[in-house]
Amino acid sequence: MKVKNVLISILTILFIISAVCMGVNPSESNAAADVLLTKNPTTTQYRGNDEEATEKSEEPDTSNVQGNRSFRLDATARRVTGGAGCYDVTITAYSAAVDFSGYIRMSIINSSDDSIAYDTRINLPEKTEKSFVLRIPNEGYFDINFKVIISILDENMNEVYTLNSNDLFVKADEEAVFVGVLSSDFDKLSYLAIDGWELDRLKDRYEVRLVELNENNIIDELDRLSYIVIDDYDTSKLDASTIKQIENYVQSGGILFLGTGKNEDKTLKGFGKDYIDAEITGHGLQQTYVYTMDAIQDLTCSTINYGYSYSYTSYSIPGMYKRDGKGVILLSEISFLDPDFYNLTAVDQLVYNTYVDSYNSSGFYYDDQTKGVSLSSVQQYFKSIEGFKKVSIGGLKWIVFIYVLIIGPVLYIILRKTNKREYFWIAIPAVTIIFIGVIMIYGGRFRLSNKNAANVTVASADGKGLRRTYMSIFSSKSGDISVNLNETINGLGPVFKEYGNYNGRNITDYHVKYDGGQTQISHDGDSSFDKGYLIGLSENHPSGRLSLQYSTGWSIGIGGTLNNETEYDFDYVLIKKGSEVVVVKGLEAGDILAVSSNIVYSGYYYWAGDNAEVAQRYKDSKKVDYRKLAALFLALDDVSSKGDYVIIGLTSEYDTFTKGDVNELSYGCIYSIGTIE
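In every chain, residue numbers begin from 1 and rise along the written sequence. Only residues with pLDDT of at least 70 get local features here, since the model is predicted, and only at 80 or more are side-chain atom pairs given and counted; chain-wide, interface and lining totals rely on the full set of residues. Excluded from the side-chain calculation are hydrogens and water; included are all heavy atoms of the structure.

Caption draft 1: Structural view of the overall build of the chain. Under the DSSP-based scheme used, a helix requires at least four consecutive residues in state H or I and a strand at least two consecutive residues in state E, with every element numbered from the N terminus. In terms of regular secondary structure, the chain is built from 11 helices and 35 strands. Looking at the 677 residues of the chain, the share that counts as buried comes to 53%. Contacts between residues were defined by any pair of non-hydrogen atoms, one from each residue, lying within 4.5 Å. In the chain, of all internal contacts separated by at least 6 residues, the share reaching a separation of at least 24 is 71%. All accessible areas in this document rest on Shrake-Rupley with a 1.4 Å probe, and a residue is counted as covered only by the protein chains that are shown. Surface exposure of the chain reaches about 30,300 Å², of which carbon and sulfur atoms provide 49%. Throughout, exposure labels follow a simple rule: accessible area from a 1.4 Å probe, protein chains only, divided by the maximum for the residue type, with under 20% read as buried, over 50% as exposed, and the rest as partly exposed.

Structure (structure tokens):
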């Protein structure tokens, strides 16, 4: 009997331990969220160079260049055009006297939530210069509050040379203010470069550069343009998709100047009447006051009946402004090619003032500080998106109930009826072992992997720009986690804090290592579920478009027919029109859907950053998947500044970005701007 009792006790303890272990609810674990950043370098270039090395400094001082005089480092940053929202940092290293093998490290030291070190393997033969590029997403506001330290490390990760470059990103702002010109005579409009005058932007003053546009290059040039000037050009020659792209450009914050004068409505013909909201009835010579000259001048002006949407009068160039989305249209009463205008002695001042006035009325001015989704919002969204699995207490209760039922009365009745009660001591442990196996199999459904990643990729359906992937990585067993990424990621960076930047530390808790074509990201956490957050960049591709044939009928809110002309099946589609938002469920590739037929969420006062907690309110809803709703709002926060009309489709069948044994949840959010018709 003693042996029997001991066996039963041991098996009972094993059962209890197993049940407890399998019953842990990961969602109750502490999730201290810290930011992860990193970035993937691209091509390596070889250039011979025999220039003299930098002088050696005996005592390391991060305010100066120091280290071994056998080496030299240089770094430049360039803002990437094309709506990519990132910087390319080119780092050049030179070895004067030795064959060197080791790493180049760039550390961006900010607060404890977003400091990062990038390590790139490099081999430097004697008297050889090599360069490589790090692509870093532009989140937060790069300025001199950051410590940027670039170092050469040997194979043992010991520092042998250091360069302080705190102003690296400050110097990388706009190259110039670009003005696109679509006209019959580009050369005569060269005065629009305002003869060396510079325009104020956030960090500096920039010269104006003109870009000659035509029907073939205008789409490719749009992303770098701050202004478009169209004069003496029949826009009806542009196809409908190009006109729509120009309209989207304005809605996203661009500025469009339309010249008329003796050419009357030539520049307006390609645009819809509702879009222009004005009628030109003729033109003639008029006496016009030019306030920069304080004089009356004879200029050929159009007679324009402006619609209700023109609410600003231009006191520089005769005409009126209207807001469209975040952008501005100037419908001018003169032609920019009119020699009576461009020969005015104060024409540079007039054009300068017009650039400034229209910029100050546009989204470029009001929203230039917007740098994507804040760290606090990303943390809040991923509380829902990560979607920790819950143990089904109901199922576990049924297993325990059946076990008690079998091991008690059922087993007793069977053994008594078969007159084999002496086998009771064998039957009990046998049944217990079977149920332990059942519980382990059942509980395994809720067990988290050691390495975990969740991501939301935001991509334009028209294929423009880069895909942006917001990632969360964490280990369920320890605070430290290291994850390898696949080759599609060509840029990595942090979600910087908006406020509270300080430089009282030199520790980097987040790392990226680029070695032999392999990118590895790491986060040094304090405990299990200590998360790191980052943004990845990858190439985009055209996938079609999402559009809405808008109609309201007698109802209030967004209505009409959704059209999915993309390659993706969408679980949910979000529509934003102005400050209104609706989410509808289900829309397969090539299908249409009446918005009113399947609305699962609606709101009337959307403002970026205010919806991070909305999804949690639907946590127990059977009508909507709160994780996918959170992913949609994260994507909307990312793209909402691009225009007032946004459509976003969410697909669960999307690319993954990690390699190896990683539990990864991946959502794709494909969007179209300005396609509500």
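Having seen it, we continue.
Caption draft 2: Geometry of the packing of aromatic side chains. Pairs were defined over the aromatic rings of Phe, Tyr and Trp, the Trp ring being its six-membered one, requiring ring centres within 6.5 Å. Orientation was assigned from the angle between planes: stacked under 30 degrees, edge-to-face over 60, tilted for the rest. On inspection of all chains with the given rule, the structure shows 18 aromatic pairs. Considering the side-chain rings of F382 and Y533, the 5.9 Å spacing of their centres and the 50° angle between planes classify their relative orientation as tilted. Note that F382 is positioned in helix α8 (residues 375-385) and Y533 in strand β26 (residues 532-539), a separation of 151 residues in sequence. Take F382 and Y533: they sit in the same class, and that class is buried. Both rings, one in Y568 and one in Y654, keep their centres 5.9 Å apart while their planes meet at 50°; by these two values the pair is tilted. Placement of Y568 in the loop between β28 (560-564) and β29 (570-577) and of Y654 in the loop between β33 (645-651) and β34 (658-659) is noted, with a sequence separation of 86 residues between them. The rings of Y191, Y227, F257, F336, F341, Y342 and Y355 are connected pair by pair, giving a single aromatic cluster. In our convention, an over-ring charge means Lys NZ or Arg CZ found within 6 Å of a ring centre and within 35 degrees of that ring's normal. A cation sits over an aromatic face here: R224 above F178, 4.6 Å from the ring centre. The side chain of K237 reaches across the aromatic face of Y233, ending 4.6 Å from its centre.

Caption draft 3: View of the nonpolar core. Core analysis: the largest hydrophobic core is formed by 44 residues, its most contacted members being L73, V89, I91, I104, M106, I108 and F169. In terms of nonpolar packing, the next biggest core, distinct from the first, is built from 41 residues, L574, V583, V624 and F633 among them. Note on terminology: a nonpolar core comprises buried Ala, Val, Leu, Ile, Met, Phe, Trp, Tyr and Cys residues joined through side-chain atoms within 4.5 Å.

Caption draft 4: Just the sheet that holds β29, in detail. Strand pairing is assigned whenever DSSP identifies at least 2 bridges connecting the two strands. Strand order across the open sheet formed by 9 strands is β23-β26-β21-β20-β35-β33-β29-β30-β32, with mixed pairing between neighbours. The open sheet has two edge strands with one neighbour each: β23 (489-494) and β32 (599-603). When strand polarity is set aside, the average angle formed by the axes of neighbouring strands in this sheet is 20°. Here 5 bridges tie β23 to β26, and the two strands are oriented antiparallel to one another. Residue pairing for β26: L492 is matched across the bridge by G536. Where helices are involved, their axes are fitted lines through C-alpha atoms of the stretch in contact, as for all axes, and angles between N-to-C directions lie from 0 to 180°. Against the sheet, helix α11 (residues 626-639) engages β20 (451-460), β21 (466-475), β29, β30 (580-587), β32, β33 and β35 (663-673), with an angle of about 140° to β33.

Caption draft 5: A look at the packing of α8 against α11. Viewed as axis vectors pointing N to C, α8 and α11 meet at an angle of 155°, and their least axial separation amounts to 7 Å. Between α8 and α11, the interaxial angle falls into the category roughly antiparallel. Helix-helix and strand crossings are classified by hand; for α8 and α11 the assignment is left-handed. Here V378, Y381, F382, S384 and I385 of α8 come into contact with α11, specifically with Y626, R627, A630, A631, F633, L634 and D637. When residues are sorted by character, Ala, Val, Leu, Ile, Met, Phe, Trp, Tyr, Cys and Pro go into the nonpolar class, Asp, Glu, Lys and Arg into the charged class, and all the rest, Gly among them, into the polar class. Looking at the contact of α8 with α11 residue by residue, the classes come out as 9 nonpolar, 1 polar and 2 charged. Oblique is the label for any angle not covered by the other classes, which are roughly parallel (under 35 degrees), roughly antiparallel (over 145) and roughly perpendicular (65 to 115). Handedness of each helix crossing follows the sense of rotation of the near helix against the far helix: counterclockwise by less than a right angle gives left-handed, clockwise gives right-handed.

Caption draft 6: Quick look at α8. Buried residues dominate α8, accounting for 9 of its 11 residues. If you check which residues of α8 are buried, you get L375, S377, V378, Q379, Q380, Y381, F382, S384 and I385. The elements touched by buried residues of α8 are β20, β21, β26, α11 and β35.

Caption draft 7: Looking closely at a nonpolar patch on the surface. Taken together, the side chains of W398, F401, I402, L405, V410 and I414 define a hydrophobic patch exposed on the protein surface, amounting to about 570 Å² of accessible area. Secondary-structure assignment places F401 in helix α9 (residues 393-417). For F401, a relative accessible area of 47% gives the class partly exposed. Patch rule: a residue counts if its relative accessible area is over 30% and it has no salt bridge; like charges are joined within 9 Å, and nonpolar side chains (Val, Leu, Ile, Met, Phe, Trp, Tyr) within 5 Å. By convention in these notes, a salt bridge is any Lys or Arg side-chain nitrogen within 4 Å of a carboxyl oxygen on Asp or Glu.

Caption draft 8: Region of interest: a negative patch on the surface. Counting rule for charge: Lys and Arg are taken as positive, Asp and Glu as negative, and neither His nor the chain ends is counted. A single reference atom marks each charge: NZ on Lys, CZ on Arg, CG on Asp, CD on Glu. Together, D569, E588, D591 and E653 make up a region of like negative charge exposed at the surface. Here E588 lies in the loop between β30 and β31 (592-594).

Caption draft 9: Representation of the pattern of salt bridges. As enumerated under the stated definition, the model contains 21 salt bridges in all. The salt bridge partner of R121 is E155, with a shortest N-O separation of 3.0 Å. Of the two residues, R121 sits in strand β6 (residues 116-124) while E155 sits in the loop between β8 (147-153) and β9 (159-164), which places them 34 residues apart along the sequence. With relative accessibility at 27%, the residue R121 sits in the partly exposed group. The exposure class assigned to E155 is partly exposed, which follows from its relative accessible area of 41%. E487 serves as the salt-bridge partner of K659, at 3.3 Å between the closest nitrogen and oxygen.

Caption draft 10: Up close: the sheet that holds β28. Pairing in this open sheet of 3 strands is antiparallel, and the strands run β27-β28-β31 from one edge to the other. The strands lining the two open edges of the sheet, one partner per strand, are β27 (546-550) and β31. If you compare each strand with its neighbour and ignore which way they point, the axes differ by 20° on average. Inspection of the sheet shows β28 paired to β31 by 3 bridges, in the antiparallel sense.

Caption draft 11: Representation of the confidence of the model for the chain. Mean pLDDT over the chain works out to 79, with 79% of the residues at or above the 70 mark. Low pLDDT, under 50, characterises residues 1-65; the predicted model gives this stretch 166 contacts beyond four residues in sequence or across chains. The quantity called pLDDT is the predictor's confidence in a given residue, expressed from 0 to 100.

Caption draft 12: A look at the side chain of H511. Relative to the elements of secondary structure, H511 occurs in strand β24 (residues 510-515). Think of a polar contact as two N or O atoms within 3.5 Å of one another; within protein, one of them needs to be a possible hydrogen donor and the other a possible acceptor, and neighboring residues in sequence only count if both atoms come from side chains. Polar side-chain contacts of H511 include one of 3.2 Å to the backbone oxygen of T508. A polar contact of 2.8 Å, which involves the side chain of H511, links it to the side chain of D524.

Caption draft 13: Structural detail: the side chain of D119. By the element assignment, D119 lies in strand β6. Relative accessible area serves as the criterion here: at 7%, D119 is assigned to the buried category. Among the polar contacts made by the side chain of D119, one reaches the side chain of R105 at a distance of 2.7 Å. If we ignore the near neighbours within four places in the chain, the residues touching D119 are Y103, I104, R105, L153, M157, V512, K513 and Y514.

Caption draft 14: Broad picture of helix α3 (residues 240-251). Helices are assigned an expected span. That span is 1.5 Å times one less than the residue count. For α3, spanning 12 residues, the distance from its first C-alpha to its last is 16 Å, which sits close to the expected 16 Å at 1.5 Å a residue. Counting buried positions along α3 yields 9 of 12 residues, so the element is predominantly enclosed. Along α3, the residues classified as buried are T242, I243, Q245, I246, E247, N248, Y249, V250 and Q251.

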